[in-house]
Amino acid sequence: MACFFRRSAALQLAKACGQNEETLIPLISVAPVNKKQSVADLRVSVSHLLQSGAVRPDGDLQNTTHTLARQIRTDAVVEEIIPGRGVIHFRLNKLLLAQKLLDQLRSDPDGFGVKSEILRQLRVGRTLVEFSSPNIAKKFHAGHLRSTIIGNFIANLKKALGNEVIRVNYLGDWGMQFGLLGSGFERFGSQEKLRTQPLEHLFESSVGGCCVYLYGSAVCVRPQVYVQVNREAESDASVRSAAAHFFRRLEQSEEQALELWRHFREITIHEYKRIYQRLGVEFDHYSGESFHRAETQTVLDELRSRCLLKTSQKGTGVVDLSDKGDMSNYATLVRSDGTSLYITRDVAAALDRKQRFSFDEMIYVTDKSQTMHFQQLFRILQAMGHQWAGSCHHVAFGLVQGMSTRRGEVLFLEDVLEEAQSRMIHNMRQSRTSKELEDPELTAERIGISALIVQDFKGPLISDYRFEWDKVLQAQGDTGVFLQYTHARLCSLLRQQDCEISCSDFSPLTDSRSVSLLQHLLRYDEVLLQCATDLQPKHLVNFLMTLSHLVASAHRELPVKGSSEAVAQARLCLFSSVHSVLANGMRILGITPVDKM
Ligand SMILES: NC(=[NH2+])NCCC[C@H](N)C(=O)O
């Protein structure tokens, strides 16, 4: 809907400078709402107009601005033209603003913003997002939690903008940790039990050594058990050599060993799925490094045939990625014993995905320590002649420090969820808000997760941050709890209406409070554009926070109860529109809005 207004302003601007309005539309933006009342609704930067050649300079910038402003006519939509410092402001007809915006929000609440013209260029077709990607049988650290929620956000956003999205989880499902598990199980485990009651067997804490090893493979294992299994391997050489022996059997595709590995993998994925469900995250495909161990040979053959693979002095196989061909930047793809590496499997995985899914773009989400790895990966693909490597991107994020629970350092995802939930239940009991909730545990979990997400998404993803439970779960301030509270309060207001909201007279919505809300809603498509351009969720988080602050004052100053029917209906219509934008924005972030809290 913002497009209707942008177009109207562009039309008048186009007439004044003798240009085509289409080229001017992208230069017109919605003015952000701030504490002071905004000067106007839309604006255009005169420097941008000069740069694009749409306008000729007339003396200095200020003079050009004033001359241009005088030449722009007003009409029924654009009521006033106000020259500012290097910008021209357009003031819109407020009645029309309310009417157009709310009409559209009521007829297509879910299409609002996401179907905007300015977002059309971002519809690329099929997007593959690879995220979460934990290592089976190793610790699921805060980085994997970040990858999970960030990847989920990117996938949700791409989907909302009309792309087809494929969500892939690329498990670290091959390596020495399976040697440890496999040899442990062979010593202490029970095949029979694993077959008949796999999960129970994993959770049985009284079966001695077996659970020590098996616990390692489940995500929800107790940290002390995980620590114990690794400590044992560190201090006991016989444990290490048994593990190495088992892993060799795996590498040699010995069926008995593979059978056990498959079983561990399945059980683990089953466990992950349960936890992803709590987080509201789903995957279309669970792939993993193990899938591509055979294909690495094909990759190496192809590299050799293109004369890209060289043998180093150490006997390893390397690809020179330097610009000058002086090996100042190279990647190792084969160890001296002939085995492949992480990056070799990534090359194979990328080729396989392109072939299977024919994606138009692919996005990898991992912490920033892997930035170099992905740069190398993309360059290798380029060197192999795959132009599409240009549509592969790595979204990097920083480290989280100090994420711990009452039991100590976080090793497993489920501990974080439990902690968020129990702290939230405690807070809710203290404020006595949970009394009439049907399922206080579920509500607490949803709010706790939204708090984690908002905390994580507030700043630039690349920044490291310190994690503090008390700050994260505050009810006031810019937290996920505050967003949920705003949503629940809007739901409660709307629940109180027994008949359908119907509004035909929008004149009660021209006061400054209502106008601020409407002006803010008008910005939604631009905020989505920002998010989709740099894949940073902070723009949407900030937008929803400001929206919630505006709602808080609107609750005070725009009462429904006690107002005349026409005023009450108009306000309800505004509140219900705000509610749908808030809920949809939260869902894109990966938050499930709660109706009561
Ligand atoms: N295609 C990739 N390499 N994806 C990232 C995988 C992340 C890896 N499993 C880790 O935990 O570090």
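As the structure is a prediction and not an experimental result, all values here were calculated from the model. Starting afresh in each chain, residues are numbered from 1 along the sequence in its written order. Owing to the predicted nature of the model, reporting of local features is limited to residues with pLDDT of at least 70; listing and counting of side-chain atom pairs is limited to 80 or more, with chain, interface and lining totals taken over all residues. Based on all heavy atoms of the structure, the side-chain values leave hydrogens and waters out of the count.

Draft legend 1. Here's a closer look at the overall build of the protein chain. A helix here means a DSSP run of H or I that spans at least four residues, while a strand means a run of E at least two residues long, and both kinds are numbered starting from the N terminus. Of regular secondary structure, the protein chain possesses 24 helices and 16 strands. Accessibility here uses a 1.4 Å probe with only protein chains present; expressed as a share of the type maximum, an area under 20% marks a residue as buried, one over 50% as exposed, and anything in between as partly exposed. Classification of the 597 residues of the protein chain by burial places 55% in the buried group. Excluding contacts between residues fewer than 6 apart, the proportion of contacts in the protein chain whose partners are at least 24 apart in sequence is 70%. Per-residue and other accessible areas were derived by the Shrake-Rupley procedure at a 1.4 Å probe size, with only the shown protein chains allowed to occlude residues. In the form shown here, the protein chain has an accessible surface area of approximately 26,500 Å², with 48% of it arising from carbon and sulfur atoms. Should any heavy atoms of two residues lie within 4.5 Å, those residues are considered in contact.

Draft legend 2. Geometry of the layout of surface pockets. Roughly 890 Å³ of internal volume is contained in the largest pocket. Grid points spaced at 1 Å and placed over the protein atoms alone form the basis of the search, with a cavity being a set where a 1.4 Å probe fits but cannot get out and a pocket an open set showing protein on both sides within 12 Å along at least five of seven lines. Lining residues have an atom within 4 Å of a point. Trp-174, Glu-289, Leu-341, Tyr-342 and Arg-345 are, among the 39 residues lining the largest pocket, the residues nearest its centre. Tallied by class, the residues present in the lining of the largest pocket amount to 11 nonpolar, 18 polar and 10 charged. Grid points are joined across faces, edges and corners, and a volume is the space filled by probe spheres set on the points. Residues are sorted three ways: Asp, Glu, Lys and Arg are charged, Ala, Val, Leu, Ile, Met, Phe, Trp, Tyr, Cys and Pro are nonpolar, and all the rest, Gly among them, are polar.

Draft legend 3. Looking closely at the environment of Arg-571. Take Arg-571: it is sitting in helix H24 (residues 565-589). We classify Arg-571 as buried; its relative accessible area is 12%. C-alpha separation for the pair Arg-571 and Pro-559, spaced 12 residues apart in sequence, amounts to 8.0 Å. Excluding residues that lie within four positions of it along the chain, Arg-571 makes contacts with Leu-509, Leu-558, Pro-559, Val-560 and Ser-563. In this structure the side chain of Arg-571 is engaged in a polar contact, spanning 2.7 Å, whose partner is the backbone oxygen of Pro-559. Pairing of N or O atoms within 3.5 Å defines a polar contact, subject to two protein rules: one partner must be a possible hydrogen donor and the other a possible acceptor, and residues neighboring in sequence count only if both atoms are side-chain atoms.

Draft legend 4. Geometry of empty space enclosed by the protein. Evaluation of the coordinates by the stated rule reveals two cavities of 30 Å³ or more. Looking at the largest cavity, its volume works out to about 50 Å³. If you trace the largest cavity, you find it lined by Ala-142, Leu-145, Arg-146, Ile-149, Val-400, Met-403, Leu-452, Asp-456, Tyr-465 and Phe-467. Residue assignment for the lining of the largest cavity shows that the elements contributing at least two residues are helix H6 (142-160) and helix H18 (440-457). The element contributing the most residues to the lining of the largest cavity is H6, with four residues.

Draft legend 5. Summary view of the pairing of strand E6 (residues 164-171). Burial analysis of E6 places seven of its eight residues in the buried class, the great majority of the element. What makes two strands pair is DSSP finding at least two bridges between them. Across five bridges, strand E5 (residues 126-130) lies against E6 in parallel orientation. In the strand pairing of E6, Thr-127 is matched with Val-165. Examined bridge by bridge, E6 and strand E7 (residues 285-288) share four bridges and lie parallel to one another. The partner of Tyr-170 across the bridge, within E7, is Ser-287.

Draft legend 6. Structural detail: the pattern of salt bridges. Between Lys or Arg on one side and Asp or Glu on the other, a salt bridge is scored when a side-chain nitrogen of the former is within 4 Å of a carboxyl oxygen of the latter. Evaluated as defined, the whole model comprises 28 salt bridges. Here Arg-249 makes a salt bridge to Glu-254, at a shortest N to O gap of 3.0 Å. According to the relative accessible area criterion, Glu-254 is partly exposed, its value standing at 29%. Because the salt bridges share partners, they merge into one network encompassing Arg-7, Glu-21, Glu-22 and Glu-117.

Draft legend 7. Region of interest: the packing of helix H21 (residues 512-522) against helix H23 (residues 538-557). Axis definition: a line fit to C-alpha positions, over the contact stretch in the case of helices; interaxial angles, taken between N-to-C directions, run 0 to 180 degrees. Where H21 contacts H23, the two axes come as close as 10 Å, and the packing angle between them is 160 degrees. Our classification of the angle between H21 and H23 gives roughly antiparallel. Between H21 and H23 lies a crossing whose hand is left-handed. Contacts from Arg-513, Ser-516, Leu-517, His-520 and Leu-521 of H21 reach H23 at Phe-543, Thr-546, Leu-547, Leu-550, Val-551, Ser-553, Ala-554 and Glu-557. Counted by class, the contact of H21 with H23 contains seven nonpolar, four polar and two charged residues. For classification purposes, an angle smaller than 35 degrees is called roughly parallel, one larger than 145 roughly antiparallel, one from 65 to 115 roughly perpendicular, and anything else oblique. In a left-handed crossing the near helix is turned counterclockwise from the far helix by less than a right angle, and in a right-handed crossing that turn is clockwise.

Draft legend 8. Representation of unusual backbone geometry in the model. A positive phi angle, close to 60 degrees, is found at Cys-307, a residue other than glycine. Structurally, Cys-307 is set in the loop between helix H14 (295-305) and strand E8 (309-311). For Cys-307, a relative accessible area of 62% gives the class exposed. With phi around 55 degrees, Leu-535 is a residue other than glycine that occupies positive phi space. Assignment of secondary structure puts Leu-535 in the loop between helix H22 (524-534) and H23.

Draft legend 9. Expanded view of the pairing of E5. Across the five residues that make up E5, a large majority, four, are buried. One ladder, built from four bridges, connects E5 with strand E11 (residues 361-367); its direction is parallel. The residue bridging Thr-127 from the neighbouring strand is Glu-361, located in E11.

Draft legend 10. Spotlight on the sheet that holds strand E4 (residues 87-92). Sheet architecture is open: four strands sit in the order E1-E2-E4-E3, paired in antiparallel fashion. Two strands lie at the open edges of the sheet, namely strand E1 (28-30) and strand E3 (78-83), each paired on one side alone. This sheet shows a mean twist of 30 degrees between the axes of neighbouring strands, independent of strand direction. Bridge count for strand E2 (residues 42-45) against E4 is four bridges, and the pairing is antiparallel. Residue pairing across strands places Ser-45 opposite Val-87, the latter belonging to E4.

Draft legend 11. Focus on the site of the ligand. A single heavy atom is enough: if one lies within 4 Å of a molecule or strand, its residue is considered near that molecule or strand. Around the ligand, the surrounding shell consists of Glu-130, Ser-133, Asn-135, His-144, Tyr-170, Tyr-342, Asp-346, Tyr-364, Thr-366, Gln-370 and Phe-374. In the model, a nitrogen atom of the ligand is placed 2.7 Å from a nitrogen or oxygen of the Asn-135 side chain. Tyr-342 places a polar side-chain atom, nitrogen or oxygen, 2.6 Å from a nitrogen atom of the ligand. For the ligand, whose accessible area on its own is 350 Å², the fraction buried by protein is 90%. Each molecule is checked against the cavity or pocket grid, and it sits inside if more than half of its atoms lie within 2 Å of the grid points. In this structure, the ligand is accommodated by the largest pocket. Across the shell around the ligand, the residue classes break down as four nonpolar, five polar and two charged.

Draft legend 12. Up close: the environment of Ile-136. Counting through the fold element by element, Ile-136 comes out in the loop between E5 and H6. Given a relative accessible area of 0%, Ile-136 falls into the buried group. Between the C-alpha atom of Ile-136 and that of Thr-268, which follows or precedes it by 132 residues, the distance is 7.1 Å.

Draft legend 13. A look at H22. What H22 keeps buried is the set Tyr-524, Asp-525, Glu-526, Val-527, Leu-528, Cys-531 and Ala-532. Residues of H22 that are buried make contact with helix H1 (2-17), E1, H6, H21, H23 and H24.

Draft legend 14. Looking closely at the sheet that holds E8. Judged by pairing direction, the sheet is antiparallel, and its three strands sit side by side in the order E8-E9-E10 without closing on themselves. Two strands close off the open sheet at either side, each with one partner strand: E8 and strand E10 (330-334). Pairwise comparison of adjacent strand axes, ignoring direction, gives a mean angle of 40 degrees for this sheet. For strand E9 (residues 317-320) and E10, the ladder comprises four bridges, and the chain directions are antiparallel. Each residue of the ladder has a partner; that of Val-318, found in E10, is Thr-332.

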